[in-house]
Amino acid sequence: MISSEHIPFNIPFSSFTDQKPGTSGLRKSTKQFQQTHYLESFIEAIFRTLPGVDGGVLVLGGDGRYGNRSAIDVILPMAAAHGIKKVITTVDGILSTPAASNLIRLNKAVGGIILSASHNSGGIEGDFGVKLNGANGGPASESLTNEIFICTQTLNEYKSISCTSIPLDSPGVYKISSMIVEVIDGIEDYILLMQNLFDFDQISSLISNDFPFAFDALNAVTGPYANRLFENLLGAPQGTVRKGIPLEDFGGCHPDPNLTYAKDLADLLLKGNQLMFGAACDGDGDRNMILGQGCFVNPSDSLAVLTSNANCVPAYCDGLFGVARSMPTSAAVDVVAKDLGINCYETPTGWKFFGNLLDAQKITICGEESFGTGSNHVREKDGIWAVLFWLQILANKKCSVLDLMKEHWAFYGRHYYSRHDYESIDSETAHSLYERLEALLPSSIGQHFGNSIINHADNFNYKDPIDNSNTAGQGLRILLEDNSRVIVRLSGTGTKGATLRIYLEKYVNPKGNLTQNPQVALADLISSIDSFAEIKLRTQMSHPTVIT
Ligand code: VG1
Ligand code: CO
């Protein structure tokens with residue numbers, strides 16, 4: 001009989017205090033996670049705080065990065081010691097975030113632990129992370145993560161069981177003490193879900209017939225899903241899926257699907273003329289980038305296009321409850337929602353804020369400017385789902401991505417949009433820049449800004465329409481008379497210093513110039529925010545690190 005042990009430890013609790021409460025997990029450098037008892041103490045806090053652990057089912061897996069497998073070896077015996085009835089994990093521990101969300105819902109689990117630092121780089125020199133999802137399949141709520149954070153500060157021991165490592169090389173059923181460990185193929189259930197949402201025959205007739213496209217998994221979790229879906233099931237030619245094997249360090253790539261970190265793919269579509277369509281997903285499979293020949297689809301526009309063409313997809317052809325976007329996401333979807341006569345909600349950054357709206361059937365589709373789109377099929381953003389959605393629209397409308405975008409703008413107008421990220425800034429510099437700007441906002445109202453005048457400026461405050469909870473301080477907003485907007489935020493997911501994000505948006509109606517380069521269309525806003533917030537002066541950076 002194996003008995004559970006109480007293992008005392010003494011880690012420096014200050015290692016947790018810089019983790020901003022409210023983010024849906026712990027994201028740190030791999031080296032920080034290697035500190036003795038560091039992972040264990042966070043997992044202990046989860047098991048002490050998550051409702052339903054005793055006798056409950058837990059889903060466990062990750063994006064395959066360095067530390068994925070060894071973390072599973074740590075978590076399984078701890079789960080057993082805390083009375084979990086069954087853990088569902090996957091072959092090689094490979095499980096994308098949206099697939100995990102689906103498994104939690106299918107198996108009525110009390111939650112899921114996803115081992116990923118999402119779009120952050122991996123490997124010994126990169127980052128590792130633990131994301132916690134709740135019983136609805138979505139990122140843990142703010143109140144739960146706050147409780148976990150508080151719990152980490154008073155821990156001095158954790159519970160585990162000594163046992164041998166469970167093999168994950170093929171499906172099987174094992175036991176640790178009285179806990180069942182079910183190792184499943186993590187891909188099948190996800191594919192079944194997709195088959196229920198989309199018309200696979202229609203997508204297949206497009207992509208198996210002279211429609212060269214490329215899907216780049218960036219050596220991360222979506223490779224095995226994409227291989228089985230696009231090449232095996234839908235008949236895309238072999239080689240369509242690139243970088244399709246999950247590697248512990250993502251082959252040195254940064255698994256963030258944007259024009260900087262997925263440049264190889266972007267060049268194929270934007271400079272070449274061989275491919276009709278290109279897509280990439282991030283480390284844990286919840287983000288997506290969509291490209292057509294000669295056309296990058298800005299994620300805010302992507303959300304608007306999915307919404308206006310939802311009738312092409314069997315799962316959404318009966319209409320949408322409503323839609324939602326995060327505050328910094330452009331208002332392109334708002335215009336579509338107005339035209340469709342449905343509500344459009346504006347939430348703070350982070351998927352967890354969509355959960356209540358989805359559960360209450362107020363919205364069907366939602367998205368963020370940061371390459372995240374999803375729907376009520378799970379409670380996470382879903383990269384491969386977005387790619388299938390786009391393919392379904394193209395198959396249905398028999399047009400190119402560029403033609404579809406042009407048609408969209410000609411009808412709704414265009415929201416020129418860009419995000420400028422300044423990464424790895426000294427934390428104090430970033431915070432003092434932000435605080436200075438916040439203090440200036442009230443007196444800026446009525447002042448000239450770019451080619452317009454500021455008519456509203458504040459720090460975004462969100463009142464959840466379902467549970468009335470309040471979330472303050474979600475980003476500085478400068479709203480102009482001509483409907484342009486500039487938003488300034490500090491990232492909550494970076495691990496080195498601080499990341500400052502500047503979001504720029506300008507609306508041009510259908511009669512205006514719809515074919516400008518966004519950086520040109522936004523030039524007056526870019527220079528105005530730089531002088532107003534003293535960005536280059538204070539950060540000593542002459543350019544943003546990433547421009548999207
Ligand atoms: C970023 C994005 C945000 C996204 C979050 C998690 O947060 O801006 O939109 O929800 O990452 O994405 P921040 O605080 O760095 O701006 V990921 O793909 O964990 O899964
Ligand atoms: Co992600």
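Residues numbered from 1 in each chain as written. Chains lettered and ligands numbered in written order. Predicted model: local features only at pLDDT ≥ 70, side-chain atom pairs only at ≥ 80, totals over all residues. Heavy atoms only, no water.

**Remarks on the overall build of the protein chain**
The secondary structure content of the protein chain amounts to 19 helices and 27 strands. For 548 residues, the compact-globule formula gives about 24 Å, and the C-alpha radius of gyration of the protein chain, at 23 Å, lands near that figure. For the protein chain, the C-alpha atoms occupy an extent of roughly 75 × 55 × 40 Å along the three principal directions. The buried share among the 548 residues of the protein chain stands at 59%. Considering only contacts in the protein chain between residues 6 or more positions apart, those separated by 24 or more positions represent 73%. When the accessible surface of the protein chain is summed, it comes to about 20,600 Å², and 49% of that surface belongs to carbon and sulfur atoms. Counting 42 positive and 58 negative side-chain charges, the protein chain places the centres of these two groups 3 Å from one another. (Helix = DSSP H or I, 4+ residues; strand = E, 2+ residues; numbered from the N terminus. Rg over C-alpha atoms; globule rule 2.2 N^0.38 Å. Buried < 20%, exposed > 50% of the residue type's maximum accessible area, 1.4 Å probe, protein only. Contact = heavy atoms within 4.5 Å. Areas by Shrake-Rupley, 256 points an atom, 1.4 Å probe, with all protein chains shown as cover. Lys, Arg positive; Asp, Glu negative; His and termini not counted. Charge placed at Lys NZ, Arg CZ, Asp CG, Glu CD.)

**Here's the deal with helix H9 (residues 222-233)**
For H9, with twelve residues, the first-to-last C-alpha span of 15 Å sits near the 16 Å given by 1.5 Å per residue. For H9, the full list of buried residues reads Thr-222, Gly-223, Tyr-225, Ala-226, Leu-229, Phe-230 and Glu-231. Within two residues after H9, Gly-235 carries a phi angle of roughly 80°, on the positive side. (Expected span 1.5 Å × (residues − 1).)

**Regarding the sheet that holds strand E14 (residues 295-297)**
An order of E11-E10-E12-E13-E14 is seen for the five strands of this open sheet, with the pairing classed as mixed. Of all strands in the sheet, those bounded by a partner on one side alone are strand E11 (241-242) and E14. With two bridges connecting them, strand E10 (residues 213-216) and E11 associate as parallel partners. The partner of Asp-216 across the bridge, within E11, is Arg-242. (Pairing = 2+ DSSP bridges.)

**Concerning the domain arrangement of the protein chain**
Entries for the protein chain in the domain assignment read domain 1 (5-186), domain 2 (190-412) and domain 3 (414-547). The straight-line distance from the C-alpha centre of domain 1 to that of domain 2 is 28 Å. Each side of the interface is counted separately: domain 1 has 34 residues, and domain 2 has 33 residues. Buried area between domain 1 and domain 2, both sides added, is near 2,400 Å², and the carbon and sulfur share of it is 55%. Between domain 1 and domain 2 we count three salt bridges in total. Note that Arg-228 is salt-bridged to Asp-185, the shortest N-O span being 2.6 Å. Counting the contacts that link domain 1 with domain 2 gives 15 residue pairs in polar contact (both at pLDDT 80 or more). (Domains from an automatic or database assignment. Buried area = accessible area lost by both parts, 1.4 Å probe. Salt bridge = Lys/Arg side-chain N within 4 Å of Asp/Glu carboxyl O. Polar contact = N/O pair within 3.5 Å; in protein donor to acceptor, adjacent residues only side chain to side chain.)

**Observations regarding the coordination of the cobalt ion (ligand 2)**
Protein-derived coordination of the cobalt ion (ligand 2) comes from Ser-118 (OG), Asp-282 (OD), Asp-284 (OD) and Asp-286 (OD), at a distance range of 2.0 to 2.2 Å. Considering all six donor atoms around the cobalt ion (ligand 2), angles at the metal cover 49 to 174° and the coordination shape is irregular. Ordering the donors of the cobalt ion (ligand 2) by residue number gives the pattern S-x163-D-x1-D-x1-D. Exposure class is identical for Asp-284 and Asp-286. Each is buried. (Donors = N, O, S within 2.8 Å, 3.2 Å for Na, K, Ca; no water. Tetrahedral: all angles 85-135°; square planar, octahedral: opposite > 155°, others 65-115°.)

**Some points on the state of the cysteines**
Scanning all chains against the criterion turns up zero disulfides. Distance from the sulfur of Cys-295, which forms no disulfide, to the nearest cysteine sulfur (Cys-399) is 11 Å. A residue is classified by how much of its surface remains accessible, and Cys-295, at 4% relative accessible area, is buried. The thiol sulfur of Cys-317 is not disulfide-bonded, and the nearest other cysteine sulfur, from Cys-312, lies at 9.8 Å. According to the relative accessible area criterion, Cys-317 is partly exposed, its value standing at 41%. (Disulfide = S-S within 2.5 Å.)

**What to know about the sheet that holds strand E18 (residues 372-375)**
Strand order in the open sheet formed by four strands is E16-E15-E17-E18, and the pairing between neighbours is mixed. The open sheet has two edge strands, strand E16 (343-347) and E18, and neither has a second partner. Neighbour to neighbour, the strand axes of the sheet diverge by 15° on average, direction disregarded. In terms of strand pairing, strand E17 (residues 365-368) meets E18 through four bridges, oriented antiparallel. Following the sheet pairing, Gly-367 is matched in E18 by Thr-373. Against the sheet, helix H11 (residues 299-308) touches strand E15 (322-326), E17 and E18, its axis set at about 170° to E17. (Axes fitted to C-alpha atoms, helices over the stretch in contact; angles between N-to-C directions.)

**So, the pattern of salt bridges**
Across all of its chains, the model carries 29 salt bridges by this definition. Notably, a salt bridge pairs Lys-131 with Asp-286, separated by 3.5 Å at the nearest N-O pair. Of the two residues, Lys-131 is situated in strand E6 (residues 127-133) and Asp-286 in the loop between strand E12 (277-281) and strand E13 (288-292); the sequence distance between them amounts to 155 residues. Across the pair, exposure class does not vary: Lys-131 and Asp-286 are buried alike. Within this structure, Arg-325, Asp-334, Glu-346, Asp-458, Arg-477, Arg-485 and Glu-505 form a network of salt bridges that share partners.

**So, the packing of helix H5 (residues 97-106) against helix H7 (residues 188-197)**
With their axes 9 Å apart at the nearest point, H5 and H7 run at an angle of 90° to one another. Overall, the two elements H5 and H7 adopt an arrangement that is roughly perpendicular. Mapping the contact onto sequence places Pro-98, Ala-99, Asn-102, Leu-103 and Leu-106 in H5 and Asp-189, Tyr-190 and Leu-193 in H7. In terms of residue class, the contact of H5 with H7 is made up of six nonpolar, one polar and one charged. (Parallel < 35°, antiparallel > 145°, perpendicular 65-115°, else oblique. Nonpolar A, V, L, I, M, F, W, Y, C, P; charged D, E, K, R; others polar.)

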